[in-house]
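# Secondary and tertiary structure notes
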Amino acid sequence: MSEKISFFAYNELMNEAYFKEVGLECLEKVTVTLSAQRIAFNRIPPEGTGVEGQGLPNIEPTPNNAGMMEGVLYEMRDTFLPKLDEFHGYPKECTRKLMDLNRHDFTIVRGIVYIAQPEKVGKNLKPTKAVMKLYKKAKKEMSMLYFSRLMNSRTCD
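Structure report, in brief.

Calculation criteria
Residues numbered from 1 in each chain as written. Predicted model: local features only at pLDDT ≥ 70, side-chain atom pairs only at ≥ 80, totals over all residues. Heavy atoms only, no water. Core = buried A, V, L, I, M, F, W, Y, C linked by side-chain atoms within 4.5 Å. Buried < 20%, exposed > 50% of the residue type's maximum accessible area, 1.4 Å probe, protein only. Helix = DSSP H or I, 4+ residues; strand = E, 2+ residues; numbered from the N terminus. Contact = heavy atoms within 4.5 Å. Salt bridge = Lys/Arg side-chain N within 4 Å of Asp/Glu carboxyl O.

With that settled, consider the nonpolar core. Core analysis: the largest hydrophobic core is formed by 38 residues, its most contacted members being Phe-7, Phe-8, Met-76 and Tyr-135. Considering every element that reaches this core, the biggest residue donor is strand β5 (residues 68-77), with five residues. The contact partners of Phe-7, leaving out residues within four places of it in the chain, are Leu-13, Phe-19, Val-72, Leu-73, Tyr-74, Met-76, Leu-84, His-88, Ile-112 and Tyr-114.

What follows is the structure in structure tokens.
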């Protein structure tokens, strides 16, 4: 029998319909925060994909360890780990870490987090309108303040 894993989605996989569309299934989901980190659209798309100036969602530390970012923690079968790895380009594009996340009932849980490899990070990159549309459909998973700030992100197209 397979084991359960917890996966932190801060990218377009926060959109549950898209999560299912790419072939993933969860047993449970809960909104969580990741302290002292923020979302940045600075991950360079894999070669041959993306448009000029496009940045994929990534995680970067906040200045002075202040602030936090929001996302969805999916509990799922470990049989989906290869699909998650493929989606995130692990290990060439991203590294995979176990990190502490804060549930909204103030308990700390550990989850798998994908972060871009240092050589796959660029400057002055922006998300596409298509990615922002997927975030917009995941509005209910975010606080109003976080959602508003995210929707104010400039796009590359």
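Glancing now at the pattern of salt bridges. Considering all chains together, one arrives at ten salt bridges under this definition. The salt bridge partner of Glu-60 is Arg-38, with a shortest N-O separation of 2.8 Å. Here Glu-60 is found in strand β4 (residues 56-61), whereas its partner Arg-38 is found in strand β3 (residues 37-43), with 22 residues between them in sequence. Among the charged side chains, a network of salt bridges with common partners joins Glu-16, Lys-20, Lys-29, Lys-140 and Glu-141.

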